[in-house]
Structure formats: structure tokens, C-alpha cells
Amino acid sequence: MGPHKLPLFQALRCQLEIRAILARGLIAAIAMLAVSTAHAERRVALVIGVSRYEHVPALKNSLNDEADMAAALRDIGFDVTEIRDPDQKAMSDGIATFSRKLPGTDVAAFYYSGHAIQIGERNFLIPRDADLELPSDVALRTLDLNAVIAGMESSARVRIILLDACRDNPFQGLAGMRSIATRGLQPIQSGVGTFVAFATAPGSTAADGDGRNSPFARALLKYIRMPGLEMNQVLRNVRADVYAATAGRQVPWDHSSLIGELVLVPQGAPAEPKVASLTVPATPAAPPAPAPASPGSAAGAPAVEPAERSTNTDTRPGAVASPSSEPQPIATDDAYALYGKKPGAKAFAVSANGYYGMATSSPSANKATLVSLYWCNRRSGSICRLKKIQNSSTLETYDRFDRLSAAALTKLAGAAPGGDPAGEGIDSHVRNPSNLHPEPYHGLTPLTAPGAERITTVGLVKMMNGADKPVLIDVGGWNAEHDTLPGAYWFQGAGVVTPKADEMAKISDLLSRLLGSLLGDKERPVVFFCTGRDCWLSHNATMRAVASGYKRVYWYRGGVDAWRAARLPLVRSVQHAQIN
């Protein structure tokens, strides 16, 4: 592409120039230029889905993913070639047909849903009829992904590669194929102007999903048609959704060599009606009501916009949380524009389901951070990410946490800790209290938490490497980032005790709703921890989850201290929730 902006953005830039030139009277000529530039972009796409494999187990969602993604790309102006359940010849012929469309293309997209394997530094897509007995069979009976990408790079100015193909090697049970990597795909090196997205981190595996679509496809379909989202932002949103939907087991990965920004649907274009926009708040069910007490309600606290009232209609036990009784009064985009004009210490937090929290005029940036997260969590009923603190973007911090967590979890697969790290099993002869333990939160703790199961470091590693992976909740009371377990959600305040019954009820309610959004149902395992065995915060949070009806609650008494003592990988934390 060179250093020039994409055609789509040339159109937007022209539109801005028009406004300035209109004032000087050059209306007709520049308006015609803007229209012709906007409609000049040519887009083509190849979408492949393979489900009914002849020699390995079928993938139940691949054809759904293919059909839905083809429809989504057509909705946003792509000329789409579809290939469904192809054998090797049909796959090769389809790619050849697609390649003939590429010359002169501005944006080319390739989406694949199906099995794939890596050998060395190359990835291979597996057609329906592939029968692989030896590594030498792979090059003869599959399709080299590098060849597809090379063809796109030679002809199209901008390339988008979307791969929902990071499942286990389906041929790994054959003696002749055991030397081939069994998990995930190899990172792709691409030329300038290419954007590559994997359903999960390199070397990891992706889920096929329990519904109509895989977790990756479902999230991608949700965001790819949203007006105004730059492609990197699309993947950030997808990553957050998939990470939450899979309890941290799957973290989508991307590699970009784009020059400039790529927005597939310009801001102001009509949204596809089947896709919910991040900027649309919940419909109020009643007139505005005063906001309840919050971390920002004291004198001199940050300014927090008033709340409106709506209803939570989903009463299924453990169901994904719907908006709370304090939804946002204005749309996210409008609030974010307002935020940019506010002076002083401030912060802005967003959730994947379209809600925000904003704090301005705060005594400190740290206070603004806590308040913005608190309101985002309350309104959305889900985890949130800090988008900005002051005027600095912070989303990359969450992306880095996701990447480092994925790498650490891969290393964890071969870990075999032993012994009693950091004395996590020492009996301090402390009786379990009948109520939550108030401050001070640092002190000797009992061996167990009523209604929950105490889990050791050895047991937790085994669970995290197993099929029934837990959600990890860090409830440490730190006021800054700290070392934590890979993939753990940091819920500050989840173990706090206050003297007021109504405040205690709000803490328990918000914690329960956030757990519901992560777990999906109350039978999923969840593990609470903090600094170490002398921390009551994790004991309190564990008891709150038990009281809320969650069935498989674990207390990791050893916490970060035991994990570190066992020489297991730690990552630097990011905060997902402010509970009180």
C-alpha cells in the first residue's frame, strides 16, 4: 500500500475538506469528488467452511459460521465467493476463482472455519476428504495457507485474514502424525497492508461452541458490521467477548501490518439490524430516578452523571446479567465525546455489551478510575475495561494482559508443582466465623470456607489444564497493578465488609451479577484468591459467592504467594471490576 491512507479514509478526509472549502464557495466540484471516491472502493471475499470431514470428527458449527460470515461481508459491500464442505479439488478450484477476482481490489478478505494444522512455520487448511497418515501427506492433501495469503498480497491493496481454525490436530491419534504440533496454528508473517486474526492465541486451541456459531464467529459477527469501528477495535471487542464467553480459556489473537486505519463501515452508516450497537443504551422502563450511593457520592468526589431506571428481565439462575437498574443516561459515543471536553482527573470505562462508566473532576486519577469502573459494572452487569485514564488510552494494557496470559497458560500445560508452597496448607487453628470477617483483612485464616472447597496449588494447576477450566477471580485490595494468576479477573472490593446492611447487599448483588456474566450458569467452577493464606478478602468473597447460589466455588487459600513459590507464571494485573 505504501504510506497512503486507505480509499475509505480518503473519502472521509475529503468530506472534512469539503466543509472547509464549501465556506469558500467550491460546493459542486468537491462534493462530486467525495461521492466518487467513496464509491470507488472494490471489495472481494472468500469464505470457506468445512464441517463434514470424512476421516476425522465433524465440526458442528463450521457451516453456520461460513454462511453467517458470508452474509455479513455481503452486507458491508463485499463480493463474496463461498465454498462449503469442499474436498481438496473444490477448495483449490475455489481459491483459483477467488484469485482471478483480486487484481485491482482495494480490500480482500479471507475467512476460514474448519480444521487446520501447523508443521514447522507453515499452516495447512484441511479439506473434507483429507486422509493424513504421515507428515509427508500434509503438503499433498491439504492447502497451504501461506499460498493463499501470498496470492492476496500480490493483488489486493489491503488484506483481511480471519481464521477460526485453531482446533486440536484431528489426526494426532495416528502413530505417524504424532510428530506434528497438536495445538493451534503458527503465527503468520505478512507484508504491509495485511490484518490477520486467529480465533485464539498461537499454539492454543479454539472452541467450536455450543450454540449456532463458535465463540469467535459469534463475536466477529456482532462487531464487524458496526459503524465507525476500526479493524483493530473490532478485534479488541471480539477478544473481550470471547475471553468472557470461554472463562479465559480462549483469547483471540491478531497481527496487523496495516498502514493507517481500516473502517469497514463508516460512522453514520445504517447499522445491520441484527447487530446490537455499542452506542445504543438500554430502553428506560421508568422515568429517571436519583442515583444510589457510589464511590463518588461523598463530598469532593468525582462528578457522576445521573442514572435512569430500567428493569432486569432475565431471572434465570446464573444467566448472563442483563443491564442493572442504573443504565446510562446517554449513548456511549455521546458520553465519550463529552468526556474529551472535561478537565481535571478523569477516567472512562466500557463494557463489551455497550455500557460505560465515566468520572470527571476527581481528586485523583486513581479515584476516577475506581468510580468509572464501578458505574460501568453496575450498568452493564458485566466486566469492564478502562478505555482512558486522563487523556491516555489504556485498552492496550488489557490486550497485553490477554497476550501474556495466553502465553503463560501455554507454559502451564507442562507444570507439575509439588509440596506445600508458601505454607498454603498450614493450619492456623482459626475457627470459621459465622459472618464475613471485617477489617483488618490481613491475619490468620481458617483452613476452609463454609460451603466451598479449598483448592491447593497442585489442584488448581490440574483444573486449569483440564477440560473443565475455572474462572479465576483476584479480589486483592491493591490500589495499583500487581502480580496475579494468568487470565484472572481482578474484582477489587469483592471481599470488603461495611457496617451498613444496604451497602453489603449491593456488594453481594453486583458480585453475583458479574459472576453470572462470566460463568453463564451456576454449575461452572469459580476460584477466589488474593495475596496469600493470611488474606480474609478472598475468604469473604468465596462466602458471598456460596450465599448467591453458585454451586462450585473454590477458595485458593495460598493465592499469589503460593503460586509464586511454586515457580508458576504470573502476569501483571488489569482491573475488571470495582465492586464497592
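Residues numbered from 1 in each chain as written. Predicted model: local features only at pLDDT ≥ 70, side-chain atom pairs only at ≥ 80, totals over all residues. Heavy atoms only, no water.

**Regarding the pairing of strand 17 (residues 489-492)**
- What you see with strand 17 is no split at all: Tyr 489 and Phe 491 on one side and Trp 490 and Gln 492 on the other are buried throughout.
- As paired strands, strand 15 (residues 471-474) and strand 17 are joined by 2 bridges and run parallel to one another. Within strand 17, the residue paired with Asp 474 across the bridge is Trp 490.
- Pairing analysis gives 3 bridges linking strand 17 to strand 21 (residues 575-578), with the strands arranged parallel. Within strand 21, the position partnered with Gln 492 by the bridge is Gln 578. (Buried < 20%, exposed > 50% of the residue type's maximum accessible area, 1.4 Å probe, protein only. Helix = DSSP H or I, 4+ residues; strand = E, 2+ residues; numbered from the N terminus. Pairing = 2+ DSSP bridges.)

**Topic: helix 11 (residues 395-412)**
- For helix 11, spanning 18 residues, the distance from its first C-alpha to its last is 26 Å, which sits close to the expected 26 Å at 1.5 Å a residue.
- For helix 11, the complete set of buried residues consists of Leu 395, Tyr 398, Asp 399, Phe 401, Asp 402, Ser 405, Ala 406, Ala 408 and Leu 412. (Expected span 1.5 Å × (residues − 1).)

**Describing unusual backbone geometry**
- Across the junction of Glu 439 and Pro 440, the peptide omega takes the value -5 degrees, indicating a cis bond.
- Assignment of secondary structure puts Pro 440 in the loop between helix 11 and strand 14 (453-454).
- Positive phi, close to 60 degrees, is recorded for Gln 390, a residue that is not glycine.
- Looking at where Gln 390 falls in the secondary structure, it is placed in the loop between strand 12 (384-389) and strand 13 (392-393).
- A relative accessible area of 30% means that Gln 390 is categorised as partly exposed.
- The phi dihedral of Arg 567 falls on the positive side, at around 60 degrees, and the residue is not glycine.
- Turning to its location among the elements, Arg 567 is positioned in the loop between helix 15 (559-565) and strand 20 (571-572).

**Focus on the side chain of Ser 517**
- Structurally, Ser 517 is set in helix 13 (residues 501-519).
- On the accessibility criterion, Ser 517 (14% relative accessible area) is buried.
- Within polar-contact distance, the side chain of Ser 517 engages the backbone oxygen of Leu 514 at 2.7 Å. (Polar contact = N/O pair within 3.5 Å; in protein donor to acceptor, adjacent residues only side chain to side chain.)

**Some points on the confidence of the model for the protein chain**
- Looking at the protein chain, pLDDT values average 78 and 75% of them are 70 or higher.
- In this model, residues 1-40 is a region of pLDDT below 50 whose contacts with residues beyond four sequence positions or in other chains number 40 contacts. (pLDDT = per-residue confidence, 0-100. Contact = heavy atoms within 4.5 Å.)

**A closer look at the sheet that holds strand 2 (residues 79-84)**
- Across the sheet, which stays open at both edges, the 6 strands sit in the order 2-1-3-7-8-9 with mixed pairing between neighbours. Looking at the sheet topology across the chains shown, the edges are occupied by strand 2 and strand 9 (253-256). The mean angle between the axes of side-by-side strands here comes to 10 degrees, regardless of whether they run parallel or antiparallel.
- Across 6 bridges, strand 1 (residues 43-49) lies against strand 2 in parallel orientation. When the sheet's bridge partners are listed, Val 44 is paired in strand 2 with Asp 79.
- Contacting strand 7 (158-164), strand 8 (194-198) and strand 9, helix 8 (residues 231-245) runs over the sheet at an angle of about 170 degrees to strand 9. (Axes fitted to C-alpha atoms, helices over the stretch in contact; angles between N-to-C directions.)

**As for the sheet that holds strand 6 (residues 143-144)**
- Ordered by their spatial adjacency, 3 strands build an open sheet running 4-5-6, and the pairing between neighbours is antiparallel. Because the sheet does not close on itself, it has two edges, and the strands there are strand 4 (116-119) and strand 6.

**Section: the state of the cysteines**
- According to the stated counting rule, one finds 2 disulfides in the structure shown.
- There is a disulfide in this structure between Cys 376 and Cys 384, and the S-S distance comes to 2.1 Å. Between Cys 376 and Cys 384 the disulfide shows an S-S torsion of about -90 degrees. By sign, it is left-handed.
- Taking relative accessible area as the criterion, Cys 384 reaches 0% and is therefore assigned buried.
- Sulfur-sulfur distance for the disulfide between Cys 530 and Cys 535 comes to 2.0 Å. Here Cys 530 and Cys 535 share a disulfide; its torsion about the S-S bond, -135 degrees, makes the bridge left-handed. For the pair formed by Cys 530 and Cys 535, the shared burial category is buried.
- Taking only the cysteines that form disulfides and numbering them from first to last, the protein chain has the pattern 1-2, 3-4. (Disulfide = S-S within 2.5 Å.)

**A word on the packing of helix 7 (residues 215-223) against helix 8**
- Between helix 7 and helix 8, the least distance of the axes is 9 Å, while the angle of their chain directions is 140 degrees. With respect to each other, helix 7 and helix 8 are oriented oblique. The interaxial crossing formed by helix 7 with helix 8 has right-handed handedness. Mapping the contact onto sequence places Pro 215, Phe 216, Arg 218, Ala 219, Leu 220, Lys 222 and Tyr 223 in helix 7 and Val 234, Leu 235, Asn 237, Val 238, Asp 241, Val 242 and Ala 245 in helix 8.
- When its residues are assigned to classes, the contact of helix 7 with helix 8 shows 10 nonpolar, 1 polar and 3 charged. (Parallel < 35°, antiparallel > 145°, perpendicular 65-115°, else oblique. Left-handed = near helix turned anticlockwise from the far one by under 90°. Nonpolar A, V, L, I, M, F, W, Y, C, P; charged D, E, K, R; others polar.)

**Digging into the side chain of Asp 85**
- Here Asp 85 lies in the loop between strand 2 and helix 4 (88-101).
- With relative accessibility at 9%, the residue Asp 85 sits in the buried group.
- Here Ser 51 takes part through its backbone nitrogen, which lies 2.7 Å from a polar atom of the side chain of Asp 85.
- Here Asp 85 is in contact with Gly 49, Val 50, Ser 51, Arg 52, Leu 63 and Arg 128, once residues within four sequence places are set aside.

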